[in-house]
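Listed below are the residues making up each chain.
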Amino acid sequence: MTGPAVITGGAGFLGSHLADHLVARGESVVCVDDFSTGNRENIVHLIGHPGFLLVEADVSMELPVDGPVGSVFHLASPASPPDYLARPLQTMAVGSEGTRRALELADRHGARFLLASTSEVYGDPTVHPQVESYWGNVHPVGPRSVYDEAKRFAEALTMAYRRTRGVDACIVRIFNTYGPRLRPDDGRVVSNFLVEALRGEPLTVYGDGTQTRSLCYVDDEVRGLLALADSDEVGPVNIGNPDEHTVADLARIVIELTGSGSEIVHLPLPVDDPTRRCPDITLARRVLGWAPEVALRDGLARTAEYLAARISSGRRGSGSAG
Ligand code: NAD
Ligand code: UDP
């Protein structure tokens, strides 16, 4: 690497963990974030570190990074369904114009580029588990399309820059990832269930709870992102944990793990909520030698500890905290 790693969305849940891992291995990091869904507290421990610089900017509008750049990790985007459904135009802007700016930055510096794509590009999949060669089943005008199609466009743009400009770009398709630094009000299933259980409130299962997700602990996910960035692979590569559970099962596991007296209630299923999701990680195992290591109950226990501390200190950790 001839310059720092630029992380767009570096103050978010995943981006801040990625920053920690890069700084820990001696790399310099420039974190670019507009704090729309991220949180200054995620990176406060890095501020003042000689290898860390924070740039507050909306990358859909500008990407003001001076000096050399060794790599670009493009993570900026709302990721939780309530977050992107509340910000439809911003989500499409950061997937399109934000991705173009990040690719231009990598191109100018001859830097390695990693796009944080998502299992949502498979939509409500008809192939199970999802293998990278599957083209997906996305509702192109449904409410979730602002996220799904923005990410599909971002993948297409990444490949166009690779083919026409020779940018050293790769694509990771991230499957549901959880861990410390998820905001208590993030809205995704793990933080919702844990916060509800810790507060003794009913766990809100959407629909009948038979839909499945496969949850990856954040340290495993970041290790996968770095393995891909450090390699010559292009991808797309799935990085996720194939340990598949129904949402109803997850609710029961959370209640058991936290020793909560909470009940389970059912709320309406969001429109176009995927019925099954599980990564096929054959490719990641073969080309990156990567596999997840943290078991669901261990990861949930670590996340519960983090969220319990946040709840008791009364900090919500919402995007406005920036
Ligand atoms: P997050 O909301 O915690 O982090 C996103 C970060 O991007 C936030 O800090 C936010 O403030 C920032 N951001 C958003 N729009 C921006 C803009 N226009 N300019 C600058 N900063 C902006 O979400 P996360 O879970 O950490 O997700 C990070 C990335 O990984 C996203 O691209 C997401 O699509 C992808 N991803 C995450 C998951 C997951 O399960 N966590 C799954 C699939 C894909
Ligand atoms: N979900 C739920 N209760 C919640 C939050 C989410 O039952 O409080 C369900 C949601 O309908 C989906 C799954 O959990 O089937 C995962 O939702 P999440 O928002 O975490 O991520 P998604 O995979 O849908 O992007």
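Up top you'll find the structure we're talking about.
Summary of the structure given here.

Definitions and cut-offs
Residues numbered from 1 in each chain as written. Chains lettered and ligands numbered in written order. Predicted model: local features only at pLDDT ≥ 70, side-chain atom pairs only at ≥ 80, totals over all residues. Heavy atoms only, no water. Helix = DSSP H or I, 4+ residues; strand = E, 2+ residues; numbered from the N terminus. Rg over C-alpha atoms; globule rule 2.2 N^0.38 Å. Buried < 20%, exposed > 50% of the residue type's maximum accessible area, 1.4 Å probe, protein only. Contact = heavy atoms within 4.5 Å. Areas by Shrake-Rupley, 256 points an atom, 1.4 Å probe, with all protein chains shown as cover. Lys, Arg positive; Asp, Glu negative; His and termini not counted. Charge placed at Lys NZ, Arg CZ, Asp CG, Glu CD. Near = heavy atom within 4 Å. Polar contact = N/O pair within 3.5 Å; in protein donor to acceptor, adjacent residues only side chain to side chain. Nonpolar A, V, L, I, M, F, W, Y, C, P; charged D, E, K, R; others polar. Pairing = 2+ DSSP bridges. Axes fitted to C-alpha atoms, helices over the stretch in contact; angles between N-to-C directions. Expected span 1.5 Å × (residues − 1). Salt bridge = Lys/Arg side-chain N within 4 Å of Asp/Glu carboxyl O.

What about the overall build of the protein chain?
A count of helical and extended segments in the protein chain gives nine helices and 13 strands. A compact globule built from 322 residues should have a C-alpha radius of gyration of about 20 Å, and the protein chain, at 19 Å, falls within 12% of that. Buried positions account for 57% of the 322 residues belonging to the protein chain. Across the protein chain, every contact between residues at least 6 apart in sequence was considered, and the portion connecting residues at least 24 apart equals 81%. With the model as given, the accessible surface of the protein chain reaches about 13,000 Å², and the carbon-plus-sulfur share is 53%. Distance between charge centroids for the protein chain: 2 Å, based on 30 positive and 42 negative side chains.

As for the site of ligand 1
In the vicinity of ligand 1, 29 residues are found, and the nearest of them are D33, T37, L75, Y147 and K151. Note that an oxygen atom of ligand 1 is positioned 3.0 Å from one of the backbone N or O atoms of G12. Compared with its free state, where it exposes 820 Å², ligand 1 has 96% of that area covered by protein. Those elements that provide at least two residues to the shell around ligand 1 are α1 (13–24), β5 (112–118) and α4 (145–165). In terms of residue count, the dominant contributor to the shell around ligand 1 is β5 (three residues). Residues of the shell around ligand 1, tallied by class, amount to 13 nonpolar, eleven polar and five charged.

Remarks on the sheet that holds strand β6 (residues 169–174)
Taking strand neighbours across the sheet as the criterion, the seven strands line up as β3-β2-β1-β4-β5-β6-β11 in an open arrangement whose pairing is parallel. Each edge of the sheet is formed by a strand with only one pairing partner; in this case those strands are β3 (52–56) and β11 (237–239). Shown here is a sheet whose adjacent strand axes are inclined to one another by a mean of 20°, direction ignored. When strand β2 (residues 29–33) meets β3, the two strands line up parallel, connected through five bridges. Of the residues in β3, the one forming a bridge with V29 is F52.

Points about α1
The end-to-end C-alpha distance of α1, which contains twelve residues, comes to 17 Å, matching closely the 16 Å that a straight helix rising 1.5 Å per residue would cover. Along α1, ten of the twelve residues are buried, which leaves the element largely enclosed by surrounding structure. Taken together, the buried positions of α1 are F13, L14, G15, S16, H17, L18, A19, D20, L22 and V23. One or two positions beyond α1, positive phi appears at G26, with a value near 90°.

Structural notes on the site of ligand 2
The full set close to ligand 2 counts 18 residues, and T204, Y206, R213, D273 and R277 are the nearest of them. Side-chain polar atom of D273 to an oxygen atom of ligand 2: 2.6 Å apart, as the coordinates give it. A distance of 2.7 Å separates an oxygen atom of ligand 2 from a polar atom in the side chain of R277. For ligand 2, whose free accessible area comes to 520 Å², the fraction covered by protein is 96%. At the level of elements, α5 (189–199) and β8 (203–206) are the ones that each hand at least two residues to the shell around ligand 2. Split into classes, the residues belonging to the shell around ligand 2 amount to seven nonpolar, five polar and six charged.

A look at the pattern of salt bridges
One pass over the full model with this rule turns up 26 salt bridges. The partner of E256 in a salt bridge is R297, and the shortest N-O contact between them spans 3.7 Å. In this pair, E256 is assigned in helix α7 (residues 247–258) and R297 in helix α9 (residues 296–313), connecting sequence segments 41 residues apart. With a relative accessible area of 55%, E256 lands in the exposed category.

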